Amino acid sequence: MAGDNKRHRVLIANRGEIARRVIRTCKALGVETVSVFTAVDALAPHVREASIAIPLGDNPREYTNASRLVQVAVENGCTAVHPGYGFLSENEAFMTAITEAGVTWLGPTAKTMHDFSLKHVAREIARHAGVPILEGSGLVKEAADAVLEAQKVGYPVLLKATGGGGGMGIFLCNNDADVLRQFEMSQHQGQAFFNNAGVFVEKYIAKAHHVEVQIFGDGSGNCIHLGERECSIQRRHQKVLEETPSPLVDAAMREQLTSAAVALGAAAQYRSAGTVEFLVDEDSRRIYFLEVNTRLQVEHGITEMAHGNIDIVEAQLRLQLPGLIPEGGTAALLKSLAVAPAVGCAIEVRINGEDPAHDFSPCPGLLGHVSFPSLEDVEGVRVDSWVETGTEVSPHYDSLLAKLMVWAPTRQEAVAKMVQALGKTELQGVPNNVEFLRAVITDPRFIAGDTTTRFLEGFRFVPHVAEVLVPGMQTSVQDWPGRTRLWHVGVPPSGPMDSLSHRLANALVGNAEDAAALEFSLQGPTLRFHCSALVALTGAPFAASLDGRSLEWGSSFRVEAGQVLAVGQLVGNVGVRGYLAVRGGILVPKYLDSRSTFLGGKFGGYQGRYLRMGDSLPLSKTADQGGYPTKLPAALAPAFADSGSGEGGKGASWRVGVISGPHADPDFITSDFMEVFHTSPYKVHYQSNRLGVRLVGPKPDWVRPDGGEGGTHPSNVHDHIYAIGAINFTGDHPVVLTVDGPSLGGFVCPATITSTELWKIGQVRPDDSVTFVPLSLTDALAERLRTDVRVAAVRAMATDGLAEEAVLASYSTAAAAAFEAALAPDVPMPPTKALCQELPAKAGFPGAQYRLAGDRYVQVDYGPMHLDIRLRVRVFCLRAVLAEMSAAGEFPGLIETSPGVRSCMVEYDIAAISPGRLLQVLEAAEARIPDVSSMVLPSRIVNLPMAFDERWTHEAIAKYMKSVRPSAPYLPDNVAYIAENNGLEGGKAEVRDKIFSASYLVLGLGDVYLGAPCAVPMDPRQRLVTTKMNPARTYTAEGTVGIGGSYMCIYPMDSPGGYQLVGRTLPIWNTFGRSGPFSPSKPWLLDFFDQVRFFQVSESELESMRAGFVTGLYDIDISPTTFDVAAFAAMEASVAAETAEFKGKQRAAMDRMLVAEAESLKQLAEAEAAGKDSAAAAAVEDEDDESVYDKPGHVKVTAAFSANVWDIRISVGQMVAAGDTLVVLEAMKMETPLTAPVSGTVVAIRAKLSQLAASGDTLVVIDSSSA
């Protein structure tokens, strides 16, 4: 028989869980399967589990393209087709086409399908078979005729589309008016969904049960049954829960139901699996035929479980496929099914992607976490599903995500098991009905078996969600401390910009510090709470109200179910961000162990994005349990800057504590400038966001003329790991790197903001000024300990209800103790300076420098400032040794080590290990590092396609020239600049040849986020050197390949960047690791010491490869190898003369280009100064006549924040509708559409293309009276 099985290949003309269900049985029987899929299903499990997977294209409706499916079956040698349910499973024309192509249809005959597909015909067949039917009519063509038939039958009645199913085309009518109103809709749905507009009238039974019988026939008049299923709990005629046996049905009724079903099946000579549906009048206990489903039913699984785990799909295959029919033929097959014992009770619930808070509307989107119970978790459980963590639920298909089933010896035990199974079911990310099902299964009526079709009419369910009515501005879910221990591969922590306010918000509701809360800017959200909750508001003050009643900011308060919490606009001129915490937290899924949103990577938080209107924020069941409404004491509240204290009375003036380092005086920046840096205020630039806060102020005095191999500007260094809070000079322009910033880069950082001062940067706004105040390590430790005590004190008020006076007294004592502890560390504090300790070089040791980077990091640098890959190998060894010491308890407080090219950033907890003790540990680690000169490290050769100098690069450069810098030596052609900067006489062609002949060794990951490589050609003759764009680009397409300094990088996401662009390749980051060389625990492609090699392809070839790579249909060549340090050193020595010659030409060319860049930057500064003067004059002129628009009906549309006008989409005189995009603003390194608040005519456009619009500026005026 096994030999015969190999002949069979089954096409599964379906998707989702039923496709997987059929594949599972086919595999068990040794039958090959062919699955089909549309583009949106490319990563679905049924695609990878089938023997063969055939793409159907981009059109999501291709599952119903009968001719295409027939073609797939024939071309792939399929001997049979299993249609599953839905789609074309009951389509007579498709079935006929399949059989005419010589392929077996696993299901009933065409005649059976035809007869039972028309409900009015099915009623007649049932009547002739002696099966009771409800009183009703034949087909009626006019609404008036339907009224007459309804009057004959007697109200209430149902209007039914004869070709309908799944609840479509069915309408309850209580009177003539209902019939007249619903008749056309029933016709329309029948035509639209089933290509049949026929409608008939049927008697409606108010207290009814929907009971169905599973039948199986051989097509020759022999038919058996497999008991009944209760399917009465329905919403909009869609089944919610099924069970077998029915709690209503006794032995006599069971005999009546099953006999009627078998008689009908025999009369129709039914073949394969089918379901006969009945309506049972609970009062009279009479049964009535409804319809026959000529396919495998969704809920067939519980019948299998209640009959000793038989396999109905297996029976379908064995019935019709030669070689699979058992001995004794079809009679034996039917007998084996008929004698399967009906034992115990099985229950199924349908888990759907639908939102109970929005009347169960379908909810497509991303499932960030999926977990179902296993048999080890719940004995007797079964899960049929198609979703997994990372599944993108499409809007194009049914909302069914999974069927959760349980079996037990008794109904009472089965109900208890379902409660247990639902309790262990977790689907997070897409709103779903799991909580609703938990409520249904524990409802006393269900437990008692009182489950009529009207069960849900009186069912009250309170979802634990907050519904987003107005999203506010940049409202996201964040937790603290965010996504930790992944900095070494470029995953930013994200989390709150103002961590202090976030922590205090959680404390005010008694949450753990890592609970997720909302962060918003300038304009807060409006939320309707569907459940009661304890809520807190902190941060910069916003107007806030609860059902219109004003709320006190900086406090927690109770919200009752149904109330609306509205957070309006920012109050005052200080601060920019607010925080909203709910007791129990906001239960979005964790991604890489954090709930924080990272917008750039499109992961974490709520669907990886800012909130939108209609979102449902999942809350804890404990949201309203425990805790005391609490007012944040003034003595414990954050100390915001004073309004109007900034330069010229504008903005606020902030004093922010910093520690010098890692790159300050005397080796990078002069001591005189560091004095200026600590005393001169820097103005906050409008181009600031969660990635970084750009500043305008004194330019540094550099000690070095250039960055050497790190780049041509003195701010360039070999790529190293940035500290969160580092003040990073990209060229001469400082940027504070914040929680969404990059981890690895090649710019100098002269100072780092301490961990307890960084919250202030989260509250600065454009035109504020910031003065960086030097702190000592002792100051930083004391404030860290005091902050922890402060948060704990507020939490004690909220959880224990302690009085403010008692808490403040306790806090004062604890804070004093914290300060004393900071003054007496176990090892004396090292000096608070950038270079705090140095170990001299000696034989076999390149020397080490220990550089402070705030109070959370120490950077270890090895050797001189040259590119020496052996130093990177030493960093590799250091990380391994420190990990061993941490595991052995020798290094308490180690959080993470992250490698740079010649450095290692050590992140530690200053409260767990003192800086002095840390330095001792680092020095001790050096003695354990072996000789690196002969080491051999594991490596891989990773071959990637690249389109060279392609259109995506050109688009990014054009955008840069339009919005950032119009001219530079590297504009408009990066590749031509690279050739000139490196003295390549062969021009762009020689650049191309060097890139495609190089083998790039990966020294670091996260150069521009998310596993982006910092890689260098192994052959020094191929090491091209470039300057980085100054200022940096605001946009680079994901997959772009760039060169900066001596390093190659691949951009893992659309992001800012400064590298010179040369081409585009495949994605190197796969968020959920669902395809190719990725995995859920390692969503990045490359590893340290990988060797990347590019091969050239065209743009169109790359597009095809990119699409295939994401879906797992295109594989790349990755082969294991090693990196031999000694062999590498020998290679370098063998080409030393050629390398020196190349570097000489390179140096001369770089010097020329440096002069050109200096002149270009001078011209840019002059143009900016002139532009500011003219813009200021224009603004004054405009202000004088803005009053002409102060007319009735005129609406001024203003900029909510300072931004560059990127695009103007309208013209004067144009009619616009509310919601239309008027202007696109470009700020915070992202484009933001400014939409029309009203409909009307545009009467004025005050926005100027490519000019800065200040917050509050009127950009467009609309006359709404013309609408």
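Residues numbered from 1 in each chain as written. Predicted model: local features only at pLDDT ≥ 70, side-chain atom pairs only at ≥ 80, totals over all residues. Heavy atoms only, no water.

Caption draft 1: Just the packing of helix H17 (residues 499-508) against helix H19 (residues 777-800), in detail. Contact geometry of H17 with H19 gives a least axis separation of 7 Å together with a crossing angle of 25°. For the element pair H17 / H19, the angle class is roughly parallel. Relative to H19, the crossing made by H17 is right-handed. For the pair formed by H17 and H19, the contact residues are Leu-500, Arg-503, Leu-504, Ala-507 and Leu-508 on the first element and Thr-787, Asp-788, Arg-790, Val-791, Val-794, Arg-795 and Ala-798 on the second. Grouping the constituent residues of the contact of H17 with H19 by class yields seven nonpolar, one polar and four charged. (Axes fitted to C-alpha atoms, helices over the stretch in contact; angles between N-to-C directions. Helix = DSSP H or I, 4+ residues; strand = E, 2+ residues; numbered from the N terminus. Parallel < 35°, antiparallel > 145°, perpendicular 65-115°, else oblique. Left-handed = near helix turned anticlockwise from the far one by under 90°. Contact = heavy atoms within 4.5 Å. Nonpolar A, V, L, I, M, F, W, Y, C, P; charged D, E, K, R; others polar.)

Caption draft 2: Region of the structure containing the pairing of strand S2 (residues 32-38). Taking burial as the measure, the seven residues of S2 include six buried ones, the bulk of the element. Pairing analysis gives four bridges linking strand S1 (residues 9-12) to S2, with the strands arranged parallel. Along S2, the bridge assignment pairs Arg-9 with Glu-32. (Buried < 20%, exposed > 50% of the residue type's maximum accessible area, 1.4 Å probe, protein only. Pairing = 2+ DSSP bridges.)

Caption draft 3: Structural detail: the sheet that holds strand S9 (residues 199-203). Read across the sheet, four strands follow the order S6-S9-S7-S8 without closing on themselves; strand pairing throughout is antiparallel. With one partner strand each, in any of the chains shown, strand S6 (136-140) and strand S8 (170-173) form the two edges of the open sheet. On average, each strand axis in the sheet is inclined to that of its neighbour by 20°, with strand direction left out of account. Across three bridges, S6 lies against S9 in antiparallel orientation. Of the residues in S9, the one forming a bridge with Gly-136 is Glu-202. Taken strand by strand, helix H7 (residues 119-128) contacts S6, strand S7 (157-161) and S9, and its axis lies near 50° from that of S9.

Caption draft 4: Focus on the side chain of Asp-443. Its location among the elements puts Asp-443 in the loop between helix H15 (434-441) and helix H16 (444-447). From its side chain, Asp-443 meets the backbone nitrogen of Arg-445 in a polar contact 2.8 Å long. Beyond its immediate stretch of four places on either side in the chain, Asp-443 contacts Phe-455 and Phe-459. (Polar contact = N/O pair within 3.5 Å; in protein donor to acceptor, adjacent residues only side chain to side chain.)

Caption draft 5: Molecular detail of the pattern of salt bridges. Tallying each qualifying case throughout the model produces 75 salt bridges. For Arg-350, the salt bridge is made with Glu-242, and the minimal N-O distance between the two is 2.7 Å. Residue Arg-350 is located in strand S17 (residues 345-352), and its partner Glu-242 is located in strand S14 (residues 241-244); the two are separated by 108 residues in the primary sequence. This pair shows no difference in class: Arg-350 is buried, exactly as Glu-242 is. (Salt bridge = Lys/Arg side-chain N within 4 Å of Asp/Glu carboxyl O.)

Caption draft 6: Layout of the sheet that holds strand S47 (residues 857-862). Read across the sheet, five strands follow the order S45-S46-S47-S49-S48 without closing on themselves; strand pairing throughout is antiparallel. Two strands in the sheet have a free side with no partner beyond their single neighbour: strand S45 (835-839) and strand S48 (894-899). With direction set aside, neighbouring strand axes in the sheet form an average angle of 20°. Packing against the sheet, helix H22 (residues 915-926) makes contact with S45, strand S46 (848-853), S47 and strand S49 (903-908), and its axis sits at approximately 25° to S45.

Caption draft 7: Examining the nonpolar core more closely. Ranked by internal contacts, the top residues of the largest apolar core, which has 187 residues, are Phe-772, Ile-995 and Phe-1094. If one sorts the elements of this core by residue count, helix H21 (residues 869-887) sits on top with nine residues. Dropping the residues within four chain positions of it, Ile-995 is found in contact with Met-946, Phe-948, Tyr-1000, Leu-1024, Ile-1043, Val-1062 and Phe-1094. In this structure, Phe-372, Leu-401, Val-440 and Phe-446 belong to the second largest nonpolar core, which totals 39 residues. (Core = buried A, V, L, I, M, F, W, Y, C linked by side-chain atoms within 4.5 Å.)

Caption draft 8: The state of the cysteines, seen in detail. Inspection of every chain in the model, using the stated rule, returns zero disulfides. Cys-223 carries a free sulfur, and the closest cysteine sulfur to it, the one in Cys-231, is 18 Å from it. Cys-1014 supplies the cysteine sulfur nearest to Cys-1049, a cysteine that is in no disulfide, at a spacing of 7.8 Å. (Disulfide = S-S within 2.5 Å.)

Caption draft 9: Just empty space enclosed by the protein, in detail. Following the criterion strictly, the structure yields seven cavities of 30 Å³ or more and no others. Here the largest cavity is characterised by a volume of approximately 90 Å³. Lining the largest cavity, in full, are Leu-366, Gly-368, Gly-429, Pro-589, Lys-590, Tyr-591, Phe-603, Gly-604, Gly-605, Gln-607, Gly-608 and Phe-1072. For the lining of the largest cavity, the per-class residue count stands at five nonpolar, six polar and one charged. In this structure, the second largest cavity encloses a volume near 60 Å³. (1 Å grid on protein atoms, 1.4 Å probe; cavity = no way out; pocket = protein on both sides within 12 Å on 5 of 7 lines; lining within 4 Å. Points joined across faces, edges and corners; volume = space filled by probe spheres on them.)

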